[in-house]
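Coordinate inspection notes
Chain residues, written in single-letter form:
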Protein chains: 2
Amino acid sequence: MIQDNRYGEGMTSTDAAANAAASHGHDPLAHTLRDVGLKVTGPRVAVLRALAEHPHADADTVFRAVQGELPTTSLQAVYGVLGAFADAGLVRRIEPAGSSARYERRVGDNHHHLVCRECGRVEDVDCVLGEQACLTPSSTRGFRVAEAEVTFWGTCPACAQAEAEAEADAAAAAAIAEST
Amino acid sequence: MIQDNRYGEGMTSTDAAANAAASHGHDPLAHTLRDVGLKVTGPRVAVLRALAEHPHADADTVFRAVQGELPTTSLQAVYGVLGAFADAGLVRRIEPAGSSARYERRVGDNHHHLVCRECGRVEDVDCVLGEQACLTPSSTRGFRVAEAEVTFWGTCPACAQAEAEAEADAAAAAAIAEST
DNA sequence: CGGTTGTCTTGAATCATTCAAAACATCTGT
DNA sequence: ACAGATGTTTTGAATGATTCAAGACAACCG
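Residues numbered from 1 in each chain as written. Chains lettered and ligands numbered in written order. Predicted model: local features only at pLDDT ≥ 70, side-chain atom pairs only at ≥ 80, totals over all residues. Heavy atoms only, no water.

Here the focus is the protein's contact with DNA strand C. Around DNA strand C, the structure places 18 residues, and the nearest of them are Val-40 and Tyr-79 of chain A together with Thr-41, Arg-44 and Thr-72 of chain B. When atoms of DNA strand C within 4 Å of the protein are split into backbone and base, the sugar-phosphate part holds 71%. Within the contact set of DNA strand C, a base oxygen lies 3.2 Å away from a side-chain nitrogen or oxygen of Lys-39 of chain A. Of all the elements in the fold, those that place two or more residues in the surface near DNA strand C are α5 (75-88) of chain A together with α3 (42-53) and α5 (75-88) of chain B. Broken down by element, the surface near DNA strand C gets its largest block of residues, three residues, from α5 of chain B. (Near = heavy atom within 4 Å. Polar contact = N/O pair within 3.5 Å; in protein donor to acceptor, adjacent residues only side chain to side chain. Helix = DSSP H or I, 4+ residues; strand = E, 2+ residues; numbered from the N terminus.)

Take a look at the structure:
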């Protein structure tokens, strides 16, 4: 079973993370790659790991995360890897209006997104209406419909609070101005 | 009523279109602009007209349409006008993944879109589920939800046909190859 | 009709993303 | 374990949509 794990045991988890890219033998992530017919390489494993840590990361966020464990990886490699993953169905690429493309590992489960208009933060939401409703527009106008994408736009808790504080400050300033 | 329409009658419709930009007096479109507190200018009226003709145009399409009646208008002016219209709520900007931003006059009526994955063509569809359902994700995760955007991805009739023909050709070629 | 304010033109910069060629590494069969 | 074939990464540069900035200009108010 254990055939070419050259690092076996006795590593800290940090060592494990740092060296994982070199031990292409049988990371669980390596299997994920082989399962879809992709070669196992350092950058690919690192990108997979980065996506696990950052569930809706854009290419640059993935790039910076990957650099932590594999400093020689180029941004273009990250784009290439993400593109290959998307083609292989390993990741889903979403492109919310106003921000750069985001990538997520959660695929094939018909879920939707909540996007913050202020900061661009993205969160998952399960579909309330079954797939059925999601796949049925009122009129297809002759289109062969393959998928429905639902995006809920709003304000995330952090931005809502920042907004409330800004308003409170403005009100205070107005009160001061009025009292002089 | 007719007070400063300096062109009154006797124009061809082409003349009317070409001169409309100069007659800022009271084009119905001019009212549209004044109603939202925007100054009436040639480029703005022309953009409004272009959007009426091209319901889901991108900036460049609008630019080319505008040039037909107002050749001195710059692309940057078109971007500026479209941005001002979007801010004023006069147009809605949609940004389907993989294509440049599209602009549409139909606003405030909770309708959705059908987008062709092949050619990027966009068509309107009314919401099957009332606004109610559209505004209710299964979990808001603390977000203040303002709007739901639904995009149906598929293949438009033209691209579906092109695809079918390409397949037929491939099958024919395979048959020929087999018979030799 | 003149002044104020906002808009347009011109020119350039920015950002995310993609392209291309050569160096390199993974996997396959031995 | 090794060498070849194939696919991946690096490096360097290009692309396209969009935005920024400054000055020239035009619309609207009174």
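For the rest of this paragraph, the subject is the environment of Glu-147 of chain A. Within the fold, Glu-147 of chain A resides in strand β6 (residues 144-155). For Glu-147 of chain A, a relative accessible area of 30% translates into the label partly exposed. In this structure, the C-alpha to C-alpha distance between Glu-147 of chain A and Thr-136 of chain A, residues 11 residues apart in sequence, is 9.3 Å. A polar contact of 3.5 Å, which involves the side chain of Glu-147 of chain A, links it to the side chain of Arg-117 of chain B. (Buried < 20%, exposed > 50% of the residue type's maximum accessible area, 1.4 Å probe, protein only.)

Now for the interface of chain B and chain A. At the junction of the two partners, chain B supplies 41 residues and chain A supplies 41 residues. For the pair chain B and chain A, the two sides together bury roughly 3,300 Å², of which 56% comes from carbon and sulfur. The tally of links between chain B and chain A comes to six salt bridges. The residue Arg-117 of chain B makes a salt bridge to Glu-147 of chain A at a minimum N-O spacing of 3.5 Å. At the boundary of chain B with chain A, the tally comes to 19 residue pairs in polar contact (both at pLDDT 80 or more). Contributions of two or more residues to the side of chain B that touches chain A are made by β4 (111-116), β5 (122-126), α6 (131-134), β6 (144-155) and α7 (157-179) of chain B. Sorting elements by how many residues they give to the side of chain B that touches chain A places β6 of chain B first, with 12 residues. Summarising the sheet, β6 of chain A and β6 of chain B pair through 11 bridges and their orientation is antiparallel. Residue pairing in the sheet places Val-145 of chain A in a bridge with Gly-154 of chain B of β6 of chain B. (Contact = heavy atoms within 4.5 Å. Buried area = accessible area lost by both parts, 1.4 Å probe. Salt bridge = Lys/Arg side-chain N within 4 Å of Asp/Glu carboxyl O. Pairing = 2+ DSSP bridges.)

The next point concerns the nonpolar core. Of all hydrophobic cores here, the largest spans 25 residues; its most connected members are Leu-33, Val-47, Leu-51, Val-62 and Phe-85 of chain B. Looking at this core, the elements with two or more residues in it are α2 (28-35), α3, α4 (59-69) and α5 of chain B. Element by element, the count of residues in this core is highest for α3 of chain B, at six residues. Setting aside residues up to four positions removed in sequence, Leu-33 of chain B forms contacts with Leu-38, Lys-39, Val-40, Arg-44, Val-45, Leu-48, Phe-85 and Leu-90 of chain B. Judged by nonpolar contacts, the second largest core, of 24 residues, contains Ala-46, Val-47, Leu-82 and Leu-90 of chain A. (Core = buried A, V, L, I, M, F, W, Y, C linked by side-chain atoms within 4.5 Å.)

Another aspect to go through is the packing of α4 of chain B against α5 of chain B. Residue and element names in this part refer to chain B. Where α4 meets α5, the axes come as close as 9 Å, and the angle between the chain directions of the two elements is 115°. α4 and α5 meet at a crossing whose hand is right-handed. Contacts from Ala-59, Val-62 and Phe-63 in α4 reach Leu-75, Val-78, Tyr-79 and Leu-82 in α5. Looking at the contact of α4 with α5 residue by residue, the classes come out as seven nonpolar, no polar and no charged. (Axes fitted to C-alpha atoms, helices over the stretch in contact; angles between N-to-C directions. Left-handed = near helix turned anticlockwise from the far one by under 90°. Nonpolar A, V, L, I, M, F, W, Y, C, P; charged D, E, K, R; others polar.)

Neighbouring residues of DNA strand D: 18 residues in total, closest Thr-41, Arg-44, Thr-72 and Ala-77 of chain A together with Tyr-79 of chain B. Of all DNA strand D atoms lying within 4 Å of any protein atom, the proportion belonging to sugar or phosphate reaches 73%. In the model, a phosphate oxygen of DNA strand D is placed 3.0 Å from a nitrogen or oxygen of the Ser-74 of chain A main chain. At 2.8 Å, a backbone N or O of Val-40 of chain B approaches a phosphate oxygen of DNA strand D. Broken down by secondary-structure element, the contributors of at least two residues to the surface near DNA strand D are α3 (42-53) and α5 of chain A together with α5 of chain B. Residues that form the surface near DNA strand D fall into these classes: six nonpolar, eight polar and four charged.

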